[in-house]
Each structure stands twice: as C-alpha cells, then as structure tokens.
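Commentary on secondary and tertiary structure
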Amino acid sequence: MESREWTAAAIIRIEEDVVDTPLVEVELPAEWGVGLHLKDESRQPSGSVKHRLLSTAYVDALESGRLAEGDTVVHAGAGPAAVSSAYFARMIGLGFTAVVPASTRPERREAIEAAGGECRLFDPPAGIYTEAARLAAETGACYLDHFAAAARTSGKDSLAAEIVIGLGRAPEWIVTGAGTGATSGSIGRSLRRHGHPTRLAVADPENSAYFPGWASGAPDYATGTPSRVEGVGRPRMEPGFLPSVIDLVMPVPDAASPGALAHLRELTGRAAGGSTGSCLWAAWRLIAGMLAEGRHGDVVVIMADAGSAPALDGTPYTEALRAFLRAGVLDVPAVPPTRRT
C-alpha cells in the first residue's frame, strides 16, 4: 500500500509540472492580414516540448505498474527527451541512466547530468536502443522507451487546446516537427476531437523517413540515415507518427534551419533550437502561399526548445526571408542539395 501511495503522489507531481507556455507574436506587415506566433515550449520546466511527452510517458509507466518506487529508469538517446526524462526521474526520487552514442557532444551529456542523470556511452549509435533494453533487463531497471510511449499516449496533452485558447480563435495552420511523432499526433487528434478547421503541417529535414513515408503511404519506410537537425527527423517511420492526422509534411533543407533562426534573432532577439528553425522555414512558405492566394489567418509554430542550430551556412535562406518581408514574395534559394548518400 505504501508503494501505491507513492505512485499516486508521483503521478500528481508529474502532471502538475506541465505548464501552459506563452504564445509569442512575431510582428509581420499589418497589411498582410497574417499572424505568426511561436508556442514557446522552451519555457517548460525541463526546457523543451519533450517535457509533455515524458510527463505522459512517466504517468503511463506508473499507472501500468511498469515503474515503481525505488526503480531506476533507463533511456536511449541524448537529445531533449533524455533531459526531460532525467528531470522527471529526479523529481520523484528515481535513478536515471541514459545510453547515448559515444560521439555525443560533451555539452549534451552535461545537460543530462545537470538534470540528474548519468550517461553510458555506446557504439554504434543505432544500437543504443537495444543496449538500453539489455541494460534494463540485466539490472532490473525500467526501460522507458519514449518512441513506444509516443504511440500509446498520443493525444493526451493539451498543446492544441492551449493554442486555440491563447489566440482566442483557431489558427489557419499549426507547424511542428516530428521526432517520436508524439507532438504532431497529439495536436492532430485534438484538432479533430474539437472540430477545429486548423490544418497541421510537419516540417521534415533531409534524410528523414517521414516525408517519403507520408507521401507514399508506406508505414515501414526507412532511410537508414540520421537527421542532422536535432530533435526532428528519423531514419525510419516511428510508431508514434500518425500520418492520418497530418495535412501536410513539408521537406525542409537542413541549411534552412540556421537561416530561419538567424532571421528570427534579427526580428525578435530570440534564440531557438534547430527543429524550430526547420518549422519556421516551413511556416514562412505557408505564409507566402497564403499571401499569394489572398488568405488571412494565423500560423503557429511549435518552438520546441532553445537549443543550437545545425552547423551549416544558412545565409541564402536568411537573405530570402529578409527580401520576403520587404516584397511579400518568397524566392526559395537555389542552393545545391546537401542530402547525404
């Protein structure tokens, strides 16, 4: 009974820790009749949109009895999801180990450790999931597979509802990225549940399986090549990715991410992570289409975190966006492709 009391208290603490994040307006020419807004998920306590996913993943594991008092959590990966997972483990007094690629940057490992976790380096990178499952089985820990959790818990958070309430109306578009697919899945489900006319767009970087999988209808599509934009894109279609609730998947050149982020800093002084840069470029293309068609409305970008941009030259994209704000026509740069073979 003491364990059940601990579980109930842990669930309450976790659910109460997710906050309603602000909507930040990016000023556009008034005559356009279009609003651009950032849903700033970097303001979540663990610093990213993954806070919502890991909150529901922990609650799911606690409610199902897979996670209990005194357990250690094992996670595979070194991105924002690992930081959020370490954060929640520490919050409820559990140990935490992240199995990360040996090539993981020191600052990423330090972020996980600062959130209360420890890192175990492993090669090859593609093997971290198998190693995490093996380690958990060997030590009696709980392998919290956030990709599988995304499929089970998609639709359980309030992100879309917060956006509609914050704006006071349903936007024309919501733009997000897809890593596990949980964010796009939950938004798409919520829009349908409440009957909102809002369309959902997913920005997909180079080498990712999501755009070709969505376009071809192949649920097992795989590229075998990881994304260079942290937090978005996967080499395979993940179980949490729900093509049926997505209106448009937009391929985005990797260099467009740092280009759009540099432009965002010029406009607002705000810094954001690489996935937000990809989403911003997709949003600007949607806005250009709205202007060309004479449509008005709001476009909301999920600002996933305040991380770093890919180390690529995005200058042509920054210049294209500067010209777009002056002329209202977006000329997509004719930049040589950077897709790896």
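The structure we're discussing is the one just above.
Described in the following lines is the structure provided in the data block. The numbers attached to residues start from 1 for each chain and follow its sequence in the written order. With the structure being a predicted model, the display of local features is reserved for residues of pLDDT at least 70 and the display and counting of side-chain atom pairs for 80 or more, all residues being used for whole-chain, interface and lining totals. Side-chain numbers come from the whole structure's heavy atoms, not from hydrogens or water.

Assigned secondary structure in the chain consists of twelve helices and ten strands. Against the 2.2 N^0.38 benchmark of 20 Å for 341 residues, the chain shows a C-alpha radius of gyration of 20 Å, consistent with a compact globule. Principal-axis analysis of the C-alpha atoms gives the chain an extent of 65 × 45 × 40 Å. With a 1.4 Å probe rolled over the protein chains alone, any residue whose accessible area is under 20% of its type maximum counts as buried; one over 50% counts as exposed, and the rest are partly exposed. Considering the chain as a whole, with its 341 residues, one finds that 54% of them fall into the buried category. We call two residues in contact whenever any of their non-hydrogen atoms come within 4.5 Å of each other. Sequence separation of 24 or more characterises 73% of the internal contacts of the chain that already satisfy a separation of 6 or more. Of the roughly 14200 Å² of accessible surface on the chain, 51% is carried by carbon and sulfur atoms. Counting rule for charge: Lys and Arg are taken as positive, Asp and Glu as negative, and neither His nor the chain ends is counted. In this description, the location of a charge corresponds to atom NZ of lysine, CZ of arginine, CG of aspartate or CD of glutamate. The averaged location of the 40 negative side-chain charges in the chain is 2 Å from the averaged location of its 31 positive side-chain charges. By the criteria applied, helices consist of DSSP H or I runs no shorter than four residues and strands consist of E runs no shorter than two, each listed in order from the N terminus. Here the radius of gyration uses the C-alpha set of atoms, whereas the globule reference equals 2.2 Å times the residue count to the power 0.38. Reported accessibility uses the Shrake-Rupley method at a 1.4 Å probe radius. Residues are deemed covered only where the shown protein chains occlude them.

Further remarks concern the sheet that holds strand S4 (residues 95-101). Taken in spatial order, the four strands of this open sheet run S5-S4-S3-S6, and their pairing is parallel. A strand with exactly one partner marks an edge of an open sheet, and here the two such strands are strand S5 (118-122) and strand S6 (142-143). Two strands qualify as a pair provided DSSP detects at least 2 bridges between them. With two bridges connecting them, strand S3 (residues 72-76) and S6 associate as parallel partners. Looking at S6, one finds that Val-74 is bridged to Tyr-143. Along the sheet, helix H3 (residues 80-91) contacts S3 and S4; its crossing angle with S4, the most-contacted strand, is approximately 165 degrees. To define axes, lines are fitted to C-alpha atoms, for helices over the stretch in contact only, and angles between the resulting N-to-C directions are given on a 0 to 180 degree scale.

Before going further, it helps to spend a moment on the packing of aromatic side chains. Here the aromatic set is Phe, Tyr and Trp, taking the six-membered ring for Trp, and pairing holds for ring centres within 6.5 Å; pairs whose planes are under 30 degrees apart are stacked, those over 60 apart are edge-to-face, and all others are tilted. For the coordinates displayed, the defined rule picks out eight aromatic pairs. Where Trp-32 meets Phe-324, the ring centres are 4.9 Å apart and the plane angle is 40 degrees; that geometry is what we call tilted. Highlighted residues: Trp-32 in the loop between strand S1 (23-26) and strand S2 (34-40) and Phe-324 in helix H12 (residues 315-327), separated in sequence by 292 residues. When sorted by exposure, Trp-32 lands in the same class as Phe-324, which is buried. Ring centres 5.3 Å apart and planes at 85 degrees place the aromatic pair Tyr-87 and Phe-88 in the edge-to-face group.

Attention now moves to helix H11 (residues 274-293). Along its 20 residues, H11 runs 29 Å from first to last C-alpha, staying within 8% of the 28 Å computed at 1.5 Å per residue. Within H11, 15 of the 20 residues are buried, leaving the element largely enclosed by the surrounding structure. Looking one or two places after H11, you find Gly-294, whose phi comes out positive at around 70 degrees. In this analysis, the expected span of each helix is defined as 1.5 Å times one less than the number of residues it contains.

Bringing the nonpolar core into the picture now. Ranked by size, the top nonpolar core spans 37 residues in total, and within it Leu-36, Val-175, Trp-284 and Ile-287 carry the most contacts. Among the secondary structure elements, those contributing two or more residues to this core are S1, S2, strand S7 (173-177), strand S8 (199-204), helix H10 (256-268), H11, strand S10 (297-303) and H12. A per-element tally of this core places H11 first, with ten residues. Setting aside its immediate chain neighbours within four residues, Ile-287 contacts Leu-28, Trp-32, Val-34, Leu-36, Val-299 and Phe-324. Residues grouped as a nonpolar core are buried Ala, Val, Leu, Ile, Met, Phe, Trp, Tyr and Cys residues, joined through side-chain atoms within 4.5 Å. Grouped together as the second largest cluster of nonpolar side chains are 34 residues, Ile-11, Ala-61, Ala-98 and Ile-112 included.

Between H3 and helix H4 (residues 106-114), the shortest axis-to-axis distance is 8 Å and the interhelical angle comes to 20 degrees. The orientation of H3 relative to H4 falls into the category roughly parallel. In the packing of H3 onto H4, the handedness of the crossing is right-handed. Here Pro-80, Ala-82, Val-83, Ala-86 and Arg-90 of H3 come into contact with H4, specifically with Arg-108, Ala-111, Ile-112 and Ala-114. Note on angle classes: values under 35 degrees are labelled roughly parallel, values over 145 roughly antiparallel, values of 65 to 115 roughly perpendicular, and the remainder oblique. Two helices cross in a left-handed way if the nearer one is turned anticlockwise from the farther one by less than a right angle. They cross in a right-handed way if the turn is clockwise.

Now for the packing of H11 against H12. The contact between H11 and H12 brings their axes to 12 Å, and the two run at 30 degrees. On the basis of the axis angle, H11 is roughly parallel to H12. Of the two possible hands of crossing, H11 and H12 adopt the one that is left-handed. Across the interface between the two elements, Trp-281, Trp-284, Ile-287, Ala-288 and Leu-291 from H11 touch Tyr-317, Leu-321, Phe-324 and Leu-325 from H12. As a working rule, the residues Ala, Val, Leu, Ile, Met, Phe, Trp, Tyr, Cys and Pro are called nonpolar, Asp, Glu, Lys and Arg charged, and the rest polar, with Gly in that last group. Per-class residue counts for the contact of H11 with H12 are nine nonpolar, no polar and no charged.

All right, on to unusual backbone geometry then. A negative phi angle characterises most non-glycine residues, just as the trans form characterises most peptide bonds. Note the cis peptide between Asp-123 and Pro-124, where omega equals 0 degrees. Structurally, Pro-124 is set in the loop between S5 and helix H5 (128-139). Positive phi is not limited to glycine here, since Asn-207 has a value of about 75 degrees. Residue class for Asn-207 comes out buried when judged on its relative accessible area of 3%.

It is worth spelling out the pattern of salt bridges at this point. Salt bridges are defined as contacts in which a side-chain nitrogen from Lys or Arg sits within 4 Å of a carboxyl oxygen from Asp or Glu. Inspection of every chain in the model, using the stated rule, returns 20 salt bridges. Salt bridges sharing common partners tie together Asp-20, Lys-39, Glu-41, Arg-52 and Glu-162.

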